[in-house]
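# Summary of the model geometry
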Amino acid sequence: MTLGLILFLDAVRVLLPSLITIYGQAGDTPPEQLGLFAALWFVLPLLALLVPPRWALLGGAAVLAVGRVALQATDGGLPQLYVSGVSVTAAIVFLYGSAKLVAGPHARLALPLGLALSPALHLAIGHVDLVWRDGLLPWIPAVLAVGAFGWAVLGVTETADPAPGRLWFALGPALLLTGMFLGPSALIGNGVTPGDRVWPTLALLAALIVLALAGATGHPAQLAPILVIVAVWIAHDEGRLQVATLPVFAVGLGWCLRVAGDGPRGRRPGGALLAGMIVFFAGTFLYYAAYDTVIGFDNAYVVLALGVAVAATAVRLPDLPRGRPAVAAALAVLALWAVPKPSGTDSPGLAVDRDEFTLIAYNIRMGFGLSGTLDLDDIADWAASRKPDVVLISEVDRGWFLNGGHDDLDRIATRLGMHYHFAPAADELWGDAVLTNLPVRDIQSAPLVTAGYPTGAQAQTVLVEVGGRQVGIVNTHLQEPAIQSAALRAVTPMPPALIAGDLNLTPGDPAFAELLRRTGLTDPLTAFGDPPTSPADDPVRRIDHVLLSPGLTAVSAEVPRVPFSDHLPVVVRIRVD
């Protein structure tokens, strides 16, 4: 069952981004249609109610095993979308059969272990799933995992004492919470140095070990709900869990699952599992849909609701917390919160004795290419071939579970060997970034006004030194360009300076002409053929720009045709006059 959970999450981390990039075409598909298509894979398992549990267990396991192997062979596109969808459905059917047949003591150990082991393995491979890796080597662990899973399933025998239904219900929201908070988001810290995450990594590993152990040890009855509620409140307030509060969440979640698994047998453990998976889907859809459409309330409340759902499964009237446990829990959280938060090693940068620099501006669409595959390494390798001094990237994801749980920025920066500066836009995990090894004299980020559009935007201002002179750079990704472009004048440094990024404006738009007039910038790409940048597979319009002030001259400019995003990058060689 633990291996089944791991394979299930493997498929989920492919299906969710495939829904966005392949079926949803990164926003071109109406959200209602996208939601119904996504819901299909979580509703179909309800048909398992019509078949014997043994059939559900074996049939679901067989399809999941075949699907996982097939996923390794897909290379994006519709095969990836549908194979991952079928695999998710099969995994839920398998778990339904497990809920009906697996003995309670085994389930109480296997579920927390699976919840901890999956993110631990994901961390061990750099948060880039084997599915996204080419060559023969990734096939070896994938096939071994599938073989071990099949062997374990054949050994399952029916029990007269399955785990209570509330444990199986809690699995759904617990899966989403661990995916959101026990992944790359826990490693971000406050640093700017790629790979400088030793302490956060050790803290995350410790939290995962605590999660697995808490499901089997301790005396959790009174404290379990308190710790989970405290942890999700912190996540609700800060957008993610900091290193110091990871143990609170891990202990609380593990103990909640343990308490939920104790007690008399439930009447419908299979139905409870299916209901929990509906909660998993609904929570995922509601939380992340808020960044593309107005849902009428703060999506942070979804996190609170998930925490309450898990905590409720661990509440027993005779064990309601009394004063001492509640005070002890509060003091423990305060002590952990007081631990200094990790910070990266800043660098003074490397001064260059020349008056030219190369800049890349690229909307990377969370690292997913035209076929829907994760192309972070390809992006970094291509960028390195251009020998850039400054790389500006937008739609940077630092751990959204919806996109599979990857830190795009750290992966790309590490491969490029460049320092980075992240600017949150939609939330603490999604935004824009500057990568450079030039000396950085100042860096700021200002939120841009909105008239109700749900996706946030910011303007990141950086002062770098080139040949002994300071150059101002504004890095942005406009969501409401007609309104937000007017605010760029106020954040643009004195010349020499430039504005670059996905402005969602074409040279023919009135707002674009007004932006040039207000800032005094020029559009150098018109002198280099006015190349379009979007969509990447058949570009017809230029919405990605590098605009220069007096004192800066474009020596060369191009828009290479690369398939690593739905946008094309802009590469400009700039001289400081």
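The structure presented is a predicted model; accordingly, all values stated were derived computationally and were not measured.

### Digging into the overall build of the protein chain
When helices and strands are tallied, the protein chain shows 18 helices and 11 strands. Against the compact-globule benchmark of 25 Å for 577 residues, the protein chain has a radius of gyration of 25 Å, which places it among compact chains. If one aligns the C-alpha atoms of the protein chain with their principal axes, the spans along those axes are about 80 × 50 × 45 Å. Split into buried and exposed, the 577 residues of the protein chain put 58% on the buried side. With an accessible surface of roughly 22,000 Å², the protein chain has 63% of that area assigned to carbon and sulfur atoms.

### Side note on the sheet that holds strand β10 (residues 552-558)
One open sheet holds the 6 strands; their spatial order is β3-β4-β2-β1-β11-β10, and the pairing between them is mixed. The sheet is open, and its two borders are formed by β3 (419-427) and β10, each paired with just one other strand. Across the sheet, the mean angle from the axis of one strand to that of its neighbour is 20°, orientation sign disregarded. Pairing between strand β1 (residues 356-363) and strand β11 (residues 570-576): 6 bridges, direction antiparallel. Paired with Glu 356 across the bridge in β11 is Arg 575.

### Brief notes about the side chain of Glu 395
Inspection of the secondary structure assignment puts Glu 395 in strand β2 (residues 390-397). Looking at Glu 395, its side chain comes within polar contact range of the side chain of Asn 363, at 3.3 Å. What Glu 395 contacts, discounting residues up to four positions off in sequence, is Asn 363, Ile 364, Arg 365, Met 366, Asp 408, Trp 430, Gly 431, Asp 432 and His 477.

### Things to note about the layout of surface pockets
By volume, the second largest pocket amounts to about 430 Å³. In terms of lining, the second largest pocket is formed by 25 residues, of which the most central are Trp 132, Arg 133, Asp 134, Leu 374 and Asp 375. With 4 residues, the top contributor of residues to the lining of the second largest pocket is helix α14 (residues 376-385). For the lining of the second largest pocket, the per-class residue count stands at 9 nonpolar, 7 polar and 9 charged.

### Some thoughts on the nonpolar core
One finds Phe 8, Leu 171, Leu 273, Ile 393 and Leu 435 to be the most contacted residues of the largest nonpolar core, which totals 137 residues. Ranked by size, the runner-up nonpolar core spans 28 residues in total, among them Phe 357, Val 462, Val 471 and Leu 548.

### Regarding the environment of Gly 508
Relative to the helices and strands, Gly 508 is located in the loop between β8 (497-502) and α18 (510-519). Assessed through its relative accessible area of 67%, Gly 508 is described here as exposed. Distance in space between the C-alpha atoms of Gly 508 and Leu 50 is 59 Å, their sequence separation being 458 residues.

### A closer look at the sheet that holds strand β6 (residues 458-466)
The pairing of strands in a sheet comes from backbone hydrogen bonds and takes either a parallel or an antiparallel form. The 5 strands are arranged β5-β6-β7-β8-β9 in an open sheet whose pairing can be described as mixed. Single-partner strands in this sheet number two, and they are β5 (440-447) and β9 (544-548). For this sheet the average axis-to-axis angle between neighbouring strands, irrespective of direction, equals 15°. Pairing of β6 with strand β7 (residues 469-477), which is carried by 8 bridges, proceeds in the antiparallel orientation. Within β7, the residue paired with Glu 465 across the bridge is Gln 470. Against the sheet, α18 contacts β8 and β9, and its axis sits at roughly 25° relative to β9.

### Focus on the side chain of Asp 523
Here Asp 523 lies in the loop between α18 and β9. For Asp 523, a relative accessible area of 11% gives the class buried. Not counting residues within four places of it along the chain, the set of residues in contact with Asp 523 comprises Pro 507, Phe 512, Leu 516, Arg 542 and Leu 547.

Reading the values: rules and limits
Residues numbered from 1 in each chain as written. Predicted model: local features only at pLDDT ≥ 70, side-chain atom pairs only at ≥ 80, totals over all residues. Heavy atoms only, no water. Helix = DSSP H or I, 4+ residues; strand = E, 2+ residues; numbered from the N terminus. Rg over C-alpha atoms; globule rule 2.2 N^0.38 Å. Buried < 20%, exposed > 50% of the residue type's maximum accessible area, 1.4 Å probe, protein only. Areas by Shrake-Rupley, 256 points an atom, 1.4 Å probe, with all protein chains shown as cover. Pairing = 2+ DSSP bridges. Axes fitted to C-alpha atoms, helices over the stretch in contact; angles between N-to-C directions. Polar contact = N/O pair within 3.5 Å; in protein donor to acceptor, adjacent residues only side chain to side chain. Contact = heavy atoms within 4.5 Å. 1 Å grid on protein atoms, 1.4 Å probe; cavity = no way out; pocket = protein on both sides within 12 Å on 5 of 7 lines; lining within 4 Å. Points joined across faces, edges and corners; volume = space filled by probe spheres on them. Nonpolar A, V, L, I, M, F, W, Y, C, P; charged D, E, K, R; others polar. Core = buried A, V, L, I, M, F, W, Y, C linked by side-chain atoms within 4.5 Å.

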